[in-house]
Amino acid sequence: MKLGLVTPWVGRDLKGGAEQQAWQIATRLSARGHSVEVLTTCCRSHQDDWATNHLPQGRMSEREGFAIRRFRVDARDRPAFDRVCGYLLNLETDSLQPGVPPVSLDDARIFAHELIKSSAMMAYLREQQAKYDSFLFLPYLYGPVLEGVQIVGDRAVLQPCLHDEAYAYLPQVADAFYRARLLFFNSEGEQELALRLFGPGIRQKSRIIGEGVEVGPLTNGTADSGNGAANNGRYLLYLGRKDPGKNVPLLLRAFGRFRAVRPNSTLKLILAGTGDAGSTVPDAIDAGLVSNEHKEKLLRDCVALVQPSRNESYSRAVMEAWLHGKPVAVHKRCPATAIPVKRTGGGWIADSEEDWARLFIEMDRTTEARMREAGENGKRYAEVEASWDVAMDRYEAALGELGKTAPPTIRPRHRSAVTINQFLPNLSHGDAISNHAIWIRDELRRAGFRSEIFVQFIDPRVANECSLFSVEALQRCDGVIYHHSIGAEMTPHLISFPGAKCLIYHNITPGEFFEPYRPEFARILTRGRNDLSALARDFSLSVGVSRFNAEELAERGFQNPGVLPLAVDPAKWALHPDPALMTQLQDGRTNILFVGRFAPNKKQDDLIRAFAHYLNHDPQARLFLVGKPEQHDPYAVYLEQLIRELDLAASVVLPGLVGDEQLAAYYRTAHLFWSMSEHEGFCVPLIEAMWFDVPIFAFKSSAVPETLGEAALMFTDKGDLVNLAGFAHTLLSNEDVRGKLIGAQRDRRSAFLPERVRPILETMVDKLCAQSVRVSR
């Protein structure tokens, strides 16, 4: 493998976390026999002027086994950049909103294009990219990375070293995350932050790689008992830059509050690292920048490490403390540190200044045995997660994926059929059945079949995806797949088609749901359900998109119907959500969501009534009913009337049919997905809500429990809407319940990934082809 590692600056002795990581990656991959070339600039370091070429351009080899190729940096508009950067630096983290750029688009462009930049490096990437198997870009923030990812595209791996900071909210950063082929994260917490910022579209290409930590010879597993070194007494240790970005002022203020209430405590705070703590707090000692040997001694003898930073993608200091058997205290709002501490029991988590002050009191009182237990918990974790050997195994495995130029496809054993076409009444933009047909067609084409989609009614937005149905088109098929979901004029032609054919049943809503509102449509539905008996006689091969549907097929006379679930690919959501809508929806109010066309079986009316009771718990909540109402639909008119009667006009919003950018905004800001639907054949929005980590509260009916599995809070009785509203509020307000539910949803949603559905499709196509052989004889 030949790897190009792209980073703004690199050097053996550079101290920054990303700089050290880049050097270690290059060194260790080279030691494993890979050809590594670091592509960087002639700028010396982050601390130097970014428009000055301190080092000579060109290629040179390092004794560690890799090469460095340096490119000249360009002049930049520093005043413009400093203006935008200064504004971003002064933004409070709590004011930032995912999907909402923190500055104007013009200022975002200034920031992205007036960072350190090198047109020579970009020209090299354009012209020479084919000479490399892949490129690893890190960290996310700088011009050569943001632009370089766009240039090399599918060869790009982005290792962002992401922090929750204003820069991460810029649209150019989101573009890099969406464009890269793979994303490498240093920790689970960093990945969780990325998903919060950029949505589930990046989930399937995300890999947690980690990194290693090297500790000195004093780490021997026999650390002191916790009383501290004799010359320092008992002390807590902070390691790192002593500046506001690392939350050091909060740490000092909290320690001062602790000393104020416990003036006789012997517990001290030692801060070691670059910068000036500027502390006047009693027994808070600034040790300055210390040698590695001194750092090892401080770690060995401390009571615990304190890491108040919210901006970490991976904390070397935490891992170093754990490898010394020491417990740690970290910030609740830093996922990269809080998640492993919570999971391992390797220390404590605090949020506010008051929390930290209380935590210092607790740590002062904690027994040595409890300290040692917490430290050992963390040590067991760090011995795996801070191992460079483990990390490099993950690098090699993940980079090896890039060699797979095409994802897997179906490979049926029987290939007699050359043309397999699909037929369905209509193709609509965003419709689940339509998306399923398009996915099947694409899979068939990738497998080498000729395949088209024929429909009776065409949505102009997807006109390029299908053709108008004709009997002649049907006759030219070697094999036919018919999607049955309603009474349709094409059905008799499909029944009489003598060739190989398979029916996919998406279920048909019982007509009685529509009878009070649209009796003529109810008759069409009833006709479609009645057609099942005739279809059963002529379709020896059939599947339902759920077991619920397959059981109905069996009841109607189909022989051994199978199940082909709908494939739901989260990569669809690798897009920018509507920024104006994201701003509107992140105003502090609770957002409850349901997605689905306006239909009596989906029972939006029951949901509106239940929501009226929910407002007694949370008066500022909103209910969004996203879906397409049919023109002049009496049921939609009834819903609007119900909203007026219950005086809910300010709380219930009917956005209508929305585009993917708007739908992504609704999903990303929803606090609860609430379904009262009484008839579903599958219900794709349930799976979509899972990918957005929206907890689901649903009526247990038809195919809903099958789709959800154990990954939702379901109810079977709608008789007491007041009680239901109380359950919904508990789900929204109880963090533990939400966490367990979302964890279950993360397990369940994977069952519907394309790679999980593809083998089932392969089996179906194989049977269809075998049938074609028999028919041709």
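Refer to the preceding data block for the structure.
Okay, so let's go over this structure.

As for the nonpolar core
Among the nonpolar cores identified, the biggest contains 91 residues, and Phe673 and Trp674 are the most heavily contacted of them. Ignoring sequence-local partners within four residues, the contact set of Trp674 consists of Ile592, Leu593, Phe594, Leu607, Ala610, Phe611, Tyr614, Phe697, Phe715, Leu724, Ala725 and Ala728. Listed in part, the 56 residues of the second largest apolar core include Met121, Ile151, Ala174 and Ile202.

Examining the pairing of strand 24 (residues 652–656)
Regular strands show a simple pattern: their side chains alternate between the two faces of the sheet. Where strand 23 (residues 622–626) and strand 24 come together, 3 bridges link them in parallel fashion. Residue pairing across strands places Leu623 opposite Val652, the latter belonging to strand 24. After leaving strand 23, the chain enters helix 22 (residues 634–645) and then returns to the sheet as strand 24, a path that is right-handed.

Examining the sheet that holds strand 9 (residues 235–239)
The parallel open sheet is built from 6 strands, whose spatial order is 11-10-9-12-13-14. Sheet topology places strand 11 (284–288) and strand 14 (347–350) at the edges, where each strand pairs with a single neighbour. Each strand axis lies, on average, 25° off the axis of its neighbour in the sheet, ignoring direction. Both strand 12 (residues 304–307) and strand 13 (residues 328–331) contribute to a ladder of 3 bridges, which runs parallel. In the strand pairing of strand 13, Leu305 is matched with Val328. Those strands touched by helix 10 (residues 316–323) are strand 9, strand 12 and strand 13, and its axis lies near 170° from that of strand 12. Helix 11 (residues 335–344) contacts strand 13 and strand 14 of the sheet and is inclined by roughly 135° relative to strand 13.

Describing the environment of Met121
Relative to the assigned elements, Met121 resides in helix 4 (residues 119–128). Here Met121 is in contact with Val6, Leu39, Thr40, Thr41, Phe71 and Pro144, once residues within four sequence places are set aside.

Concerning the packing of aromatic side chains
Under the defined criterion, the tally for this structure stands at 35 aromatic pairs. Their ring planes at 85° and their centres at 5.9 Å tell us that Phe423 and Phe469 sit as a pair that is edge-to-face. Of the two residues, Phe423 sits in strand 15 (residues 420–427) while Phe469 sits in the loop between strand 17 (467–468) and helix 16 (471–475), which places them 46 residues apart along the sequence. According to the relative accessible area criterion, Phe469 is buried, its value standing at 16%. Here Phe514 and Phe521 contribute two aromatic rings whose centre-to-centre distance is 5.0 Å and whose plane-to-plane angle is 70°, an arrangement assigned as edge-to-face.

Section: the pattern of salt bridges
Evaluated as defined, the whole model comprises 54 salt bridges. A salt bridge links Asp49 to Arg78; the nearest nitrogen and oxygen atoms lie 3.2 Å apart. Here Asp49 is found in the loop between strand 2 (35–41) and strand 3 (58–61), whereas its partner Arg78 is found in helix 2 (residues 78–89), with 29 residues between them in sequence. We note a salt bridge from Glu353 to Arg253, for which the minimum N-O separation is 2.7 Å. With a gap of 100 residues between them, Glu353 in helix 12 (residues 353–365) and Arg253 in helix 8 (residues 248–261) connect regions that are remote in the sequence. Sharing partners across several salt bridges, the network here consists of Asp605, Asp606, Arg609, Glu678 and Lys718.

A word on helix 22
Owing to its 3.6 residues per turn, the α-helix brings residues three or four apart onto one side. Here helix 22 is 12 residues long and its end C-alpha atoms lie 16 Å apart, about the 16 Å a rise of 1.5 Å per residue gives. Looking at where helix 22 begins, the residue whose side-chain oxygen comes 3.1 Å from the main-chain nitrogen of Tyr635 is Asp633. Backbone geometry just downstream of helix 22 places Asp647 in the positive-phi region, at approximately 55°.

Some points on helix 26 (residues 721–733)
With 13 residues, helix 26 ought to run about 18 Å at 1.5 Å a step, and its terminal C-alpha atoms sit 18 Å apart, in line with that. All of the buried residues in helix 26 are Leu721, Leu724, Ala725, Ala728, Leu731 and Leu732. All buried residues of helix 26 project into a common sector of 120° when viewed along the axis, lining one side. N-capping of helix 26 is provided by Asp720, with a side-chain oxygen placed 3.2 Å from the backbone N of Val722.

Let's talk about the packing of helix 8 against helix 12
Interaxial distance between helix 8 and helix 12 falls to 8 Å at its minimum, and their mutual angle equals 55°. Between helix 8 and helix 12, the interaxial angle falls into the category oblique. Considering the relative orientation of helix 8 and helix 12, their crossing is right-handed. Counting all contacts with helix 8, which are made through Leu250, Leu251, Arg253, Ala254, Phe255, Arg257, Phe258 and Val261, the residues of helix 12 involved are Glu353, Glu354, Trp356, Ala357, Phe360, Ile361 and Asp364. Per-class residue counts for the contact of helix 8 with helix 12 are 10 nonpolar, no polar and 5 charged.

Calculation notes
- Residues numbered from 1 in each chain as written.
- Predicted model: local features only at pLDDT ≥ 70, side-chain atom pairs only at ≥ 80, totals over all residues.
- Heavy atoms only, no water.
- Core = buried A, V, L, I, M, F, W, Y, C linked by side-chain atoms within 4.5 Å.
- Buried < 20%, exposed > 50% of the residue type's maximum accessible area, 1.4 Å probe, protein only.
- Contact = heavy atoms within 4.5 Å.
- Pairing = 2+ DSSP bridges.
- Helix = DSSP H or I, 4+ residues; strand = E, 2+ residues; numbered from the N terminus.
- Right-handed = clockwise from strand over helix to strand, strands pointing away.
- Axes fitted to C-alpha atoms, helices over the stretch in contact; angles between N-to-C directions.
- Phe/Tyr/Trp six-rings, centres within 6.5 Å; stacked < 30°, edge-to-face > 60°.
- Salt bridge = Lys/Arg side-chain N within 4 Å of Asp/Glu carboxyl O.
- Expected span 1.5 Å × (residues − 1).
- Polar contact = N/O pair within 3.5 Å; in protein donor to acceptor, adjacent residues only side chain to side chain.
- Arc of directions from axis to C-beta.
- Parallel < 35°, antiparallel > 145°, perpendicular 65-115°, else oblique.
- Left-handed = near helix turned anticlockwise from the far one by under 90°.
- Nonpolar A, V, L, I, M, F, W, Y, C, P; charged D, E, K, R; others polar.

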